[in-house]
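Topology and contacts: notes
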Amino acid sequence: MTHGTGSTRGVPPRVLVITHDLDPTADYVLRELNARGVPFWRTDVADFPQRITMRAELRPDGAWGGAVVGPLRGIDLSELTSVWWRKPTTFRFPDSMSGPEQRFAAGQAKRGFVGVLGSLPQVLWVNRPERNADCTKPAQLTAAAESGLQVPATLVTNDPGAVRDFADRCRGRIVTKVLGGIVHTENGQRGQIYTTRVPADRWDDPRVALTAHLYQQEITDKAYEVRVTCVAGRLFPVRIDAPDGPGRLDWRTDSKRLAYSPICLPVPIRTGILDMLWRLGLVYAAVDLIVDQVGTHWLVDVNPGGQWAWIDCTRDAITTALADLLQKGTL
């Protein structure tokens, strides 16, 4: 569904929000922008090309002129100041198009629709989609180590023999994680793949050879975890305490029993996170840390589109920070 809201009538939107229809996290920020009278247009990648139209023409000075418009609203490309690339879905095409036609059209749409928006000068992106895509697990762990953050011993392999050697060096305590998003669908059923321990009888599993796998040394003396929501250099860290049970290994498996509390990060950790995000080119990210019993902070994940609105103690502050950023349109 293509829609836009904003209390300033007659003023063209300068903020473009690209996300799916049912995104309650985005709603917090958009309500704040609305209360401020900041006009915005909310749409989704899936709306192009069936519900929205782009008219973009290259001017002699190299700037793109034109507009992107939908049934109810649109945006003048020359007026655009900020884009929040939040949680878009994929391009959709008529069922009358064959599979090869739809794949070709999707490539054209990405290079045209997203390409033009990404070519506009002086537009703030939170985040640029290519930066999100480049934030792979290997890239983020490299950036973290280069920034002075502690990273668990890590192996990426499709060699079953390498797993046993790695496990032996980690004293037999290793976990496996997905290299991408944890959500998957099989036979119409939606599920999530969480961090799991790898027992010794699976170290030589021949199915490891079928694709790349990520293994890490388990932090066995975990004290608590920290979710750090990062907005243009502002950090909002929250301590996460999980009770005994599955949530001690991966807190996402037991979200209803978690305890959250604001926390201050040591200066070296703050500095390391900011440097890491600069290396990754991210304006926004959700960073996950494990803190062990001696106070060592271990970087375990950087999510460029991570959620934050479910944590009550920082929700309002993050909402304000994102609204400030989008309204200002500059870092």
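What you see is a predicted model, and the numbers here were worked out from it, not measured in a lab.

1. Observations concerning the sheet that holds strand 13 (residues 213-217)
Taking strand neighbours across the sheet as the criterion, the 4 strands line up as 8-13-9-12 in an open arrangement whose pairing is antiparallel. The strands lining the two open edges of the sheet, one partner per strand, are strand 8 (154-157) and strand 12 (196-197). Bridging between strand 8 and strand 13 involves 4 bridges; their strand directions are antiparallel. Counted as the bridge partner of Leu-155 is Tyr-215 from strand 13. Across the sheet, helix 5 (residues 160-169) is in contact with strand 8, strand 9 (174-177) and strand 13; its angle to strand 8 comes to roughly 175°.

2. Concerning the side chain of Thr-229
Topologically, Thr-229 is positioned in strand 14 (residues 222-231). Discounting residues that sit within four places of it in the chain, Thr-229 has contacts with Arg-234, Leu-235, Phe-236, Tyr-284, Ala-285, Ala-286, Trp-308 and Ile-318.

3. Describing the packing of aromatic side chains
Evaluated as defined, the whole model comprises 4 aromatic pairs. Judged by centre distance (4.7 Å) and plane angle (20°), the rings of Phe-48 and Phe-113 are stacked. Here the residue Phe-48 occupies a position in the loop between strand 2 (40-43) and strand 3 (53-58), and Phe-113 occupies one in helix 2 (residues 99-119), the gap between them amounting to 65 residues. Among the residues examined, Phe-48 registers a relative accessible area of 14% and is labelled buried. Classification of Phe-113 by relative accessible area gives buried; the value is 2%. Taking 6.3 Å as the distance between ring centres and 80° as the angle between the ring planes, the aromatic pair formed by Tyr-260 and Trp-310 counts as edge-to-face. Taken as a pair, Tyr-260 in strand 16 (residues 259-262) and Trp-310 in the loop between strand 18 (297-303) and helix 7 (312-328) lie far apart in primary sequence, 50 residues in all. Classification of Trp-310 as partly exposed rests on a relative accessible area of 32%.

4. Here we look at helix 6 (residues 267-280)
Given 3.6 residues per turn, any residue in an α-helix points the same way as the ones three and four places further on. In this model, helix 6 (14 residues) spans 20 Å end to end at C-alpha, consistent with the 20 Å of a helix rising 1.5 Å per residue. Those residues of helix 6 that sit buried are Ile-269, Gly-272, Ile-273, Met-276, Leu-277 and Leu-280. With its buried residues spanning 130° around the axis, helix 6 presents them on a single face. Residues Val-267, Pro-268 and Trp-278 are exposed on helix 6 and point more than 90 degrees away from its buried face. Looking at the buried positions of helix 6, the neighbouring elements they touch are helix 3 (129-134), helix 4 (137-146), strand 14, strand 15 (234-241), strand 17 (284-292) and strand 18. Following helix 6 by one or two positions, Gly-281 has its phi on the positive side, about 70°.

Basis of the calculations
Residues numbered from 1 in each chain as written. Predicted model: local features only at pLDDT ≥ 70, side-chain atom pairs only at ≥ 80, totals over all residues. Heavy atoms only, no water. Pairing = 2+ DSSP bridges. Helix = DSSP H or I, 4+ residues; strand = E, 2+ residues; numbered from the N terminus. Contact = heavy atoms within 4.5 Å. Axes fitted to C-alpha atoms, helices over the stretch in contact; angles between N-to-C directions. Phe/Tyr/Trp six-rings, centres within 6.5 Å; stacked < 30°, edge-to-face > 60°. Buried < 20%, exposed > 50% of the residue type's maximum accessible area, 1.4 Å probe, protein only. Expected span 1.5 Å × (residues − 1). Arc of directions from axis to C-beta.

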